[in-house]
Amino acid sequence: MMSTAQRTLLVELLTEELPPKALARLGDAFADGIANGLRARGLVTGESVVTPYATPRRLAVSISNVLERAPDATIRAKVLPVSVALDANGNPTPPLAKKLAAMGFADLPLASLERAMDGKAEAFFHTYTAAGARLADALQAALDETLGKLPIPKVMSYQRPDGETVQFVRPVHGLIALHGETIVPATAIGLTSSNKTQGHRFLSRGEVVVANADAYAATLESEGKVLASFTGRRDAIREQLLATAGSDHVVMPDALLDEVTALVEWPAIYACHFEKEFLAVPQECLILTMQTNQKYFALTDKPLAEGGRLTNRFLIVSNIATAHPEQIITGNERVVRPRLADAKFFFEQDKKKTLAERVPQLANVVYHNKLGSQLARTERLVKLAGAIAQMLGGNLTLAELGDETAQADDRDRPLTELAQRGALLAKADLLTDMVGEFPELQGTMGTYYARHDNEPSAVALACSAHYQPRFAGDALPAGYTGTVVALADKLETLVGIWGIGLQPTGEKDPFALRRHALGVVRMLVEKRLPLMLRDLLKAAYAQFASGVAESGYLADVEAFVLDRLRGYLRERGYAANDIEAVLAHPHAMDASLGDLLDRLEAVRAFSALPQAEALAAANKRIGNILKKTAHPAEGKVHESALVEPAEIALHAALQKVTPELTRHSQAHEYTQALSALAQLRDAVDAFFNDVMVMAEDETLRNNRLALLWQLHVQMNQVADLSKLAA
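Residues numbered from 1 in each chain as written. Predicted model: local features only at pLDDT ≥ 70, side-chain atom pairs only at ≥ 80, totals over all residues. Heavy atoms only, no water.

## Concerning helix 6 (residues 230–245)
Phase 1: With 16 residues, helix 6 should cover 22 Å at 1.5 Å per step; its first-to-last C-alpha distance of 22 Å lies within 8% of that length.
Phase 2: Of all the residues in helix 6, the buried ones are Phe-230, Arg-233, Arg-234, Ala-236, Ile-237, Leu-241 and Ala-245. What you see down the axis of helix 6 is that its buried residues fit within an arc of 160°, all on one side. More than 90 degrees from the buried face of helix 6, the exposed residues found are Thr-231, Glu-239 and Ala-243.
Phase 3: Following helix 6 by one or two positions, Gly-246 has its phi on the positive side, about 65°. (Helix = DSSP H or I, 4+ residues; strand = E, 2+ residues; numbered from the N terminus. Expected span 1.5 Å × (residues − 1). Buried < 20%, exposed > 50% of the residue type's maximum accessible area, 1.4 Å probe, protein only. Arc of directions from axis to C-beta.)

Rendered as structure tokens:
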């Protein structure tokens, strides 16, 4: 008789310390693999809850409401097509006997098979009851499947005490498989299941017996001094960090928090200090070396986003909780001191040579073998930054341009001068010792060193700002100088890398061209820069004397950037039809992206009007009529040839609204222009209801086509409204 017992199932692998950066992913994959394997075999119910566990020394999963045996299932299986199963005389063939034997029904008579249509041909089917899977068998299969598919960064081979050589991410020392209080027989990596595991290496008494699957987490916590849940342990660390920080603010990147969570089983937070003299080093260097090399959490007097300054206190996450942590604290303070001393040494050494003196050495740094050195790239950036600055009115000073970020030392300097100087120095910090040690600081260190060299403030800021935005949602460069250099950097990369045939393919984008394109889009749109994308791409191409393809590929680069624009606008809540209406306008690429955004706002407002749907449909109809006309009349409408009341009324309405439409469009008052267009709805509807456009009389026909052509021009001054039609 089938057992219907539903109890919690626990599976745990006890291991040596697992790779910390892969632990969370391994834990989730292990839990999902076991759960999915049991679900596929009918042992997991709809009410089952899957709980993953992952610590440095274990991967585990708890699944509630797991059946001891799956329900029996009725299966209708196809055997063979009738044409194969029977010979010409209607007798069973050897292939039929072989197939039935393979299915486990060797002695099944032909009369027991169902004969039915399978598509266009007849086939034999057999319906039978399959016994539900037993938990032990299903778990063994799910365990084997899961261990074979884990996202292991690097597999290691090791020898078990019995001499067997096995492979896993780290040596495995124990396997738990419990269904309620019952041990489920299973094997994995040379181990047999039990209900025993190990607690914390130092804080527990060693072996821990798990009496019941439901008691796993509580037993490990109370007897083993282990917080088994990755997310629970992460939350505990976060809360302790904030409590220990007091009035200070914790610099707590998610990646670091995840990594320390994967390093400890029983977290304890301790506060440490370093000498204040190290605070003379740029705080980004100190924070990075503490995070990268020691996994420490830096403290600032207020949030970094609000200009917080580093304090000489930091927090560590230890795997040992003790009432007397003095040795732990002093040990960590002793360890961090040489790291900070190295950073201080690098900083002092780097300052002995100016950024400008380093620029010629960029000739020794390869950018790409088809595009030359970093010096060749820098020379292109200088020229391109100058060209972009000129498009913005580069002979004007920052003060004249209204740059609110400009400091006193550069307010009266021309944008072209500052942008070209910023582009010249932008990559020079790649040659510094600090950036060599911490590549993440490129740009940031350039700003520090440029300030030390007494470069203009805008130039110094451009050294770091030209990398912005570095990622989705990152801040844009603040001032004109940084923005120009950032545009130059991204455009040069886009046009150059694409020009040597390394455009993105599928998910592969090794040069981050998608990110560069989105950065260009965001700067042009959000800063409302009066720059045309097509002009910018041509200016970038002009800087390449050789190495790239003929300029025809720029159309592909433009389309690529516009695709990023579409995605960006959709994320901002604009409808796809509204976006296409604006981008399909014949002169879309003759306008700035900021102007396109103004048009898009107008189209969105127009789409909400009651007249919009009818006018969009009419516009699409007019476009189709004009396309099918061999020689559409684009000339003057002759009033004497207007005979129908509806066409006379439409012509009068169009004459009345055209000056208003034109005035608003030329003033970039696109919302008002489309609102004025709504006045034509009744006249347009009446025209199509009452007037035969393609009249037999050639004079009437051409006059009506001319009227439609004029209407089409006026309707599409802002956007191609036909794209709004369903």
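## Section: the packing of helix 20 (residues 554–571) against helix 21 (residues 576–583)
Phase 1: At their nearest, the axes of helix 20 and helix 21 sit 10 Å apart, and the two run at 140° to each other. Viewed along their axes, helix 20 and helix 21 adopt a mutual orientation that is oblique. Between helix 20 and helix 21 lies a crossing of right-handed hand. Between helix 20, through Leu-565, Arg-566, Leu-569 and Arg-570, and helix 21, the contact on the second element is made entirely by Ile-579, Glu-580 and Leu-583.
Phase 2: Per-class residue counts for the contact of helix 20 with helix 21 are four nonpolar, no polar and three charged. (Axes fitted to C-alpha atoms, helices over the stretch in contact; angles between N-to-C directions. Parallel < 35°, antiparallel > 145°, perpendicular 65-115°, else oblique. Left-handed = near helix turned anticlockwise from the far one by under 90°. Contact = heavy atoms within 4.5 Å. Nonpolar A, V, L, I, M, F, W, Y, C, P; charged D, E, K, R; others polar.)

## Quick notes on the nonpolar core
Phase 1: Among the nonpolar cores identified, the biggest contains 148 residues, and Met-290, Ile-388, Met-434, Leu-487, Leu-491, Leu-565 and Leu-711 are the most heavily contacted of them.
Phase 2: Element by element, the count of residues in this core is highest for helix 17 (residues 480–499), at 10 residues.
Phase 3: When near neighbours in sequence (up to four residues on either side) are disregarded, Leu-565 contacts Val-521, Val-525, Leu-583, Leu-593 and Leu-596.
Phase 4: Counting residues in hydrophobic clusters, the runner-up holds 43 residues, among them Ala-138, Val-172, Ala-177 and Ala-262. (Core = buried A, V, L, I, M, F, W, Y, C linked by side-chain atoms within 4.5 Å.)

## Description of the packing of aromatic side chains
Phase 1: This model, assessed by the stated rule, comprises 10 aromatic pairs.
Phase 2: Members of the aromatic cluster, each reached through a chain of ring pairs, are Phe-274, Phe-278, Tyr-296 and Phe-314.
Phase 3: Between the NZ or CZ atom of Arg-76 and the centre of the ring of Phe-125, over which it lies, the distance is 3.9 Å. (Phe/Tyr/Trp six-rings, centres within 6.5 Å; stacked < 30°, edge-to-face > 60°. Lys NZ or Arg CZ within 6 Å of the ring centre and 35° of its normal.)

## Some details on the pairing of strand 5 (residues 114–118)
Phase 1: Pairing of strand 5 with strand 6 (residues 121–130) involves five bridges; the strand directions are antiparallel. If you follow Arg-115 over to strand 6, its bridge partner there is Phe-124.
Phase 2: Hairpin connection between strand 5 and strand 6: a loop of two residues separates the two successive antiparallel strands, and Gly-119 in this loop has a positive phi of roughly 75°. (Pairing = 2+ DSSP bridges.)

## Focus: the environment of Arg-115
Phase 1: Its place among the elements puts Arg-115 in strand 5.
Phase 2: Considered as a pair, Arg-115 and Asp-474 are 359 residues apart in the sequence and their alpha carbons are 65 Å apart.
Phase 3: The residues contacting Arg-115, other than those within four sequence positions of it, are Val-82, Leu-86, Glu-122, Ala-123 and Phe-124.
Phase 4: In this structure the side chain of Arg-115 is engaged in a polar contact, spanning 3.2 Å, whose partner is the side chain of Glu-122. (Polar contact = N/O pair within 3.5 Å; in protein donor to acceptor, adjacent residues only side chain to side chain.)

## A few points about the sheet that holds strand 4 (residues 73–81)
Phase 1: A sheet is described by the order of its strands in space; here three strands give the open sequence 4-6-5, paired in antiparallel fashion. Edge positions in the open sheet fall to strand 4 and strand 5, since each of these has one partner strand only. Between one strand and the next, the sheet's axes are offset by a mean angle of 40°, whatever the strand orientation.

## Overview of the environment of Gln-167
Phase 1: Structurally, Gln-167 can be placed in strand 8 (residues 165–168).
Phase 2: Contacts of Gln-167, omitting those with residues within four sequence positions, involve Val-155, Met-156, Ser-157 and Ile-189.
Phase 3: Of note is the side chain of Gln-167, whose polar atom sits 3.0 Å from the side chain of Ser-157.

## With respect to the pattern of salt bridges
Phase 1: Counted under the stated rule, the structure contains 35 salt bridges.
Phase 2: Here Arg-76 and Glu-114 are joined by a salt bridge, their closest N and O atoms 3.0 Å apart. Pair noted here: Arg-76 is in strand 4 and Glu-114 is in strand 5, with a separation of 38 residues, a long-range link.
Phase 3: For the salt bridge of Glu-275 with Arg-337, the shortest nitrogen-to-oxygen distance reads 2.8 Å. Placement of the pair is Glu-275 in the loop between strand 16 (268–273) and helix 8 (283–294) and Arg-337 in helix 9 (residues 326–350), with a sequence separation of 62 residues.
Phase 4: Residue classification places Glu-275 among the partly exposed positions, given a relative accessible area of 30%.
Phase 5: A network of salt bridges, in which partner residues are shared, links Arg-377, Arg-380, Lys-427, Asp-489 and Glu-492. (Salt bridge = Lys/Arg side-chain N within 4 Å of Asp/Glu carboxyl O.)

## What about the domain arrangement of the protein?
Phase 1: Here the protein is partitioned into domain 1 (6–70 + 134–223), domain 2 (75–130), domain 3 (230–351), domain 4 (373–573) and domain 5 (608–723).
Phase 2: A C-alpha centroid distance of 42 Å is found between domain 1 and domain 2. (Domains from an automatic or database assignment.)

## Focus: the side chain of Ser-318
Phase 1: Considering the arrangement of structural elements, one finds Ser-318 in strand 18 (residues 310–318).
Phase 2: Since its relative accessible area comes to 10%, Ser-318 is described here as buried.
Phase 3: Here the side chain of Ser-318 touches Ile-320 through a polar contact of 3.0 Å, landing on its backbone nitrogen.

## Describing the sheet that holds strand 1 (residues 6–15)
Phase 1: Strand order in this open sheet of five strands is 2-3-1-9-10, and the pairing throughout is antiparallel. Lying at the two open borders of the sheet, with one neighbouring strand each, are strand 2 (50–55) and strand 10 (182–183).
Phase 2: Two strands pair when backbone bridges link them, and strand 1 and strand 3 (residues 58–67) are joined in this way by eight bridges, in the antiparallel orientation. Counted as the bridge partner of Leu-14 is Arg-58 from strand 3.
Phase 3: Against the sheet, helix 4 (residues 135–149) makes contact with strand 1, strand 3 and strand 9 (172–179), and its axis sits at roughly 40° relative to strand 1, the strand it touches most.

## Observations concerning unusual backbone geometry
Phase 1: Here the bond from Gln-468 into Pro-469 is cis, since omega is -10°, no more than 30 degrees from zero.
Phase 2: Inspection of the secondary structure puts Pro-469 in the loop between helix 16 (457–465) and helix 17.
Phase 3: We note that Asn-454 has phi near 65°; this positive angle belongs to a residue other than glycine.
Phase 4: Position of Asn-454 among the secondary structure elements: in the loop between helix 15 (444–452) and helix 16.
Phase 5: The phi torsion at Arg-528 lies on the positive side, around 50°, for a residue other than glycine.
Phase 6: Along the chain, the position of Arg-528 falls in the loop between helix 18 (513–526) and helix 19 (533–541).

## Overview of the side chain of Thr-311
Phase 1: With respect to the secondary-structure elements, Thr-311 resides in strand 18.
Phase 2: With sequence-adjacent residues up to four places away left out, Thr-311 is seen in contact with Asp-248, Phe-274, Leu-279, Leu-299, Thr-300 and Asp-301.

## Some words on the state of the cysteines
Phase 1: Counted according to the given criterion, the structure contains zero disulfides.
Phase 2: Lacking any disulfide linkage, Cys-285 is separated from the closest cysteine sulfur, that of Cys-463, by 15 Å. (Disulfide = S-S within 2.5 Å.)

## Comments concerning helix 11 (residues 374–391)
Phase 1: For helix 11, with 18 residues, the first-to-last C-alpha span of 25 Å sits near the 26 Å given by 1.5 Å per residue.
Phase 2: Among the residues making up helix 11, those that are buried are Gln-374, Leu-375, Arg-377, Thr-378, Arg-380, Leu-381, Val-382, Leu-384, Ala-385, Gly-386, Ile-388 and Ala-389.
Phase 3: Turning to helix 11, the residues buried within the fold contact strand 19 (366–368), strand 20 (372–373), helix 13 (415–425), helix 17 and helix 19.
Phase 4: At the N-terminal end of helix 11, a side-chain oxygen is found 3.2 Å from the backbone nitrogen of Leu-375, two or three residues along, and the residue is Ser-373.
Phase 5: Downstream of helix 11 by one or two residues, Gly-393 has phi in the positive range, about 95°.

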